[in-house]
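Fold and geometry: a report
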Amino acid sequence: QVQLVESGGGLVQAGGSLRVSCAASGLTFSTYSMGWFRQAPGKEREFVAAISWAGGTTRYADSVKGRFTISRGNIDYTVYLQMNSLKPEDTAVYYCAVKPGVSPSNAPLMYSYWGPGTQVTVSS
């Protein structure tokens, strides 16, 4: 049974930092990429960042470049998102996802499995 679990969300003031984590289990992809997406109330789910496990290639949305950093954990299927200089517009539910293959895609449809999400709220 495939399971992804996010953790580390919470409430932070604008300008602050937060790190969210994701751990997946039950997967058997030979190569894979993991990504972070977010969805704010009334908005569509949007890409945040992704990383290819094999070579560590990363990809970021323009809105978070220079502020967020995605990284791999030491254990397979673990990924982190370090978020600095947070803004109120970063407030959303953050979702972790995994896809087969080495391409860190920004398209939600490419991802096979998703976590339930973790709430990140940035106060002004």
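Residues numbered from 1 in each chain as written. Predicted model: local features only at pLDDT ≥ 70, side-chain atom pairs only at ≥ 80, totals over all residues. Heavy atoms only, no water.

1. Regarding the nonpolar core
What tends to happen in soluble globular proteins is that the nonpolar side chains get buried as a cluster. The following threshold applies: Definition of nonpolar core: a set of buried residues of the types Ala, Val, Leu, Ile, Met, Phe, Trp, Tyr and Cys, connected through side-chain atoms within 4.5 Å. Accessibility here uses a 1.4 Å probe with only protein chains present; expressed as a share of the type maximum, an area under 20% marks a residue as buried, one over 50% as exposed, and anything in between as partly exposed. Under the DSSP-based scheme used, a helix requires at least four consecutive residues in state H or I and a strand at least two consecutive residues in state E, with every element numbered from the N terminus. Contact definition: two residues touch when any of their heavy atoms are within 4.5 Å.
Among the nonpolar cores identified, the biggest contains 36 residues, and M34, W36, L81, M83 and Y94 are the most heavily contacted of them. Elements supplying a minimum of two residues to this core: β3 (18–25), β4 (32–39), β5 (46–52), β7 (68–72), β8 (78–83), β9 (92–100) and β11 (118–123). Those residues in contact with L81 that sit more than four places away from it in its chain are L18, R19, V20, W36, V48, A49, F68, T69, I70 and Y94.

2. Concerning the pairing of β5
Applied cut-off: Strands were regarded as paired on the criterion that DSSP finds at least two bridges between them.
For β5, the tally of buried residues reaches six of seven residues, placing the bulk of the element in the interior. With six bridges joining them, β4 and β5 adopt antiparallel strand pairing. The residue bridging F37 from the neighbouring strand is F47, located in β5. Between β4 and β5, which pair antiparallel one after the other, the connecting turn spans six residues, and G42 there sits at a positive phi close to 80°. One ladder, built from three bridges, connects β5 with strand β6 (residues 58–60); its direction is antiparallel. If you follow A49 over to β6, its bridge partner there is Y60. Connecting β5 to the antiparallel partner β6 that follows it, the hairpin turn spans five residues, and G56 within it adopts a positive phi of roughly 75°.

Geometric values such as these leave the question of function open.
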